[in-house]
Amino acid sequence: KRGVEAEADGAYEGMFKRKTLQAPEKKLYEDMTDEERLALVMELEEDKTTEMDDGTVRRIIINLEKKYAKNQELRIKHVEQPEKFMESEIELHVEVGKCLAVATQPQLYPVLVQAGGVKLIVSLLHHNNTDIVLGVVDLLHELTDNDLINEAVEEGMQLVVSLVKNQIMSVLVQVLEALDEKVEDEAKGLHNILGIAENLVEADPDLAEQAFKQGLLAWILGRLKIRSSMLTNYTAQSC
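Below: a short report on this structure. (Residues numbered from 1 in each chain as written. Predicted model: local features only at pLDDT ≥ 70, side-chain atom pairs only at ≥ 80, totals over all residues. Heavy atoms only, no water.)

1. Considerations on the overall build of the protein
- Regarding its fold elements, the protein presents 14 helices and zero strands.
- In sequence order, the protein lays out its α and β elements as α-α-α-α-α-α-α-α-α-α-α-α-α-α.
- Here the protein holds 239 residues, and the buried ones make up 41% of them.
- Restricting to contacts in the protein with at least 6 residues of sequence separation, those with at least 24 account for 73%.
- Summed over its atoms, the accessible surface of the protein is roughly 13500 Å², and 53% of this surface lies on carbon and sulfur atoms. (Helix = DSSP H or I, 4+ residues; strand = E, 2+ residues; numbered from the N terminus. Buried < 20%, exposed > 50% of the residue type's maximum accessible area, 1.4 Å probe, protein only. Contact = heavy atoms within 4.5 Å. Areas by Shrake-Rupley, 256 points an atom, 1.4 Å probe, with all protein chains shown as cover.)

So, in structure tokens, the structure goes:
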């Protein structure tokens, strides 16, 4: 396959390889015409070449908000017919990916905050589609990268403060509790969530206490207890 075609398949492949997305959703993707796929690829390629500025960031957030609203509306309207909202799910997943462009420009983080982007991104962590949640986790992991925050400290800290105001630690713990580390993609998501927490604490050490109070320490201790129990059982069976 040509590069852009392979990239298109890669962008959507993860949406259908998980057990939560069954035959109707997979068929929808497979039934897309070459023209539809090409249009989406061209849109992705155009986004890559667009120069990032205040207006670009605002447009990205506006489009993400629109895709999210459309998806939620269709999900409510067609609760028992996932094939009728899956196309909007794909569009939303792609739109989340476009936000990664902002992570290359930390000086634009204040625009992301002012445009309501942080609140919107955190709210997406409550989405019913695990693939979308994992996409948001990847986005936050990139946005909070310490090298980026240190590159533009004042702007980076505006992002950190906004995430804290939107209860990011508490929400991340909820996601941790919902993921299954036996599933490869979800295990990576768990790792990235812990990375996000680490990034935030490194940016502001006072956040460590807040993270523990909001359940992160309890989750870590719970995982250690489970692993200890598994090790004990394994040892007993081996004797």
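2. Concerning the pattern of salt bridges
- Applying the stated rule across the entire model yields five salt bridges.
- One salt bridge in this structure joins K67 and E91, with 3.7 Å as the shortest N-O distance. Residue K67 is located in helix α4 (residues 54-77), and its partner E91 is located in helix α5 (residues 86-98); the two are separated by 24 residues in the primary sequence.
- Of the residues examined, K67 reaches a relative accessible area of 26% and is grouped as partly exposed.
- Among the charged side chains, a salt-bridge network with shared partners connects K67, K70 and E91. (Salt bridge = Lys/Arg side-chain N within 4 Å of Asp/Glu carboxyl O.)

3. Notes on empty space enclosed by the protein
- Across all of its chains, the model carries one cavity of 30 Å³ or more by this definition.
- Taken as a whole, the largest cavity encloses approximately 40 Å³ of empty space.
- Breaking the lining of the largest cavity down by element, the ones donating at least two residues are α11 (168-178) and α12 (184-203).
- Among the elements that line the lining of the largest cavity, the one with the most residues is α11, at four residues. (1 Å grid on protein atoms, 1.4 Å probe; cavity = no way out; pocket = protein on both sides within 12 Å on 5 of 7 lines; lining within 4 Å. Points joined across faces, edges and corners; volume = space filled by probe spheres on them.)

4. A look at α4
- Taking 1.5 Å of rise per residue, 24 residues should cover 34 Å, and α4 covers 35 Å from first to last C-alpha, within 8% of that figure.
- Three or more residues of α4 are buried, namely T56, V57, I60, I61, L64, Y68, N71, L74 and R75.
- Packed against the buried residues of α4 are α5, α6 (109-114) and α7 (117-123).
- Between a side-chain oxygen at the N-terminus of α4 and the backbone nitrogen of G55 the separation is 3.1 Å; the capping residue is D53. (Expected span 1.5 Å × (residues − 1). Polar contact = N/O pair within 3.5 Å; in protein donor to acceptor, adjacent residues only side chain to side chain.)

5. Quick notes on a nonpolar patch on the surface
- Side chains of L194, F212, L217, I220, L221 and L224 sit close together on the surface and give an oily, nonpolar patch of about 500 Å² of accessible area.
- Counting residues per element, the nonpolar patch draws most heavily on helix α14 (residues 216-238), at four residues.
- Structurally, the position occupied by F212 is in helix α13 (residues 207-213). (Patch = residues over 30% accessible without salt bridge, like charges linked within 9 Å, V, L, I, M, F, W, Y side chains within 5 Å.)

6. Topic: a negative patch on the surface
- Where like charges cluster on the molecular surface, the negative patch consists of D147, E151, E198 and E202.
- Put simply, the parts of the chain that give the negative patch at least two residues each are α9 (146-151) and α12.
- In this fold, E202 is placed in helix α12. (Lys, Arg positive; Asp, Glu negative; His and termini not counted. Charge placed at Lys NZ, Arg CZ, Asp CG, Glu CD.)

7. A short note on the nonpolar core
- In this structure, L112, L125, L140, L143 and I168 are the most contacted members of the largest nonpolar core, which totals 52 residues.
- The element contributing the most residues to this core is helix α8 (residues 130-143), with eight residues.
- Beyond its immediate sequence surroundings of up to four residues, L143 is in contact with V102, A103, Y109, L112, I121, I149 and L159. (Core = buried A, V, L, I, M, F, W, Y, C linked by side-chain atoms within 4.5 Å.)

8. Thoughts on the side chain of E95
- Inspection of the secondary structure puts E95 in helix α5.
- Other than its neighbours up to four places away in sequence, E95 contacts N63, L64 and K67.

9. Description of the environment of V118
- Tracing the backbone through its elements, the reader meets V118 in helix α7.
- For the pair V118 and L159, spaced 41 residues apart in sequence, the C-alpha to C-alpha distance is 7.6 Å.

10. What about the side chain of N146?
- Here N146 shows up in helix α9.
- Within polar-contact distance, the side chain of N146 engages the backbone oxygen of N199 at 3.1 Å.
- With sequence-adjacent residues up to four places away left out, N146 is seen in contact with N199, E202 and A203.

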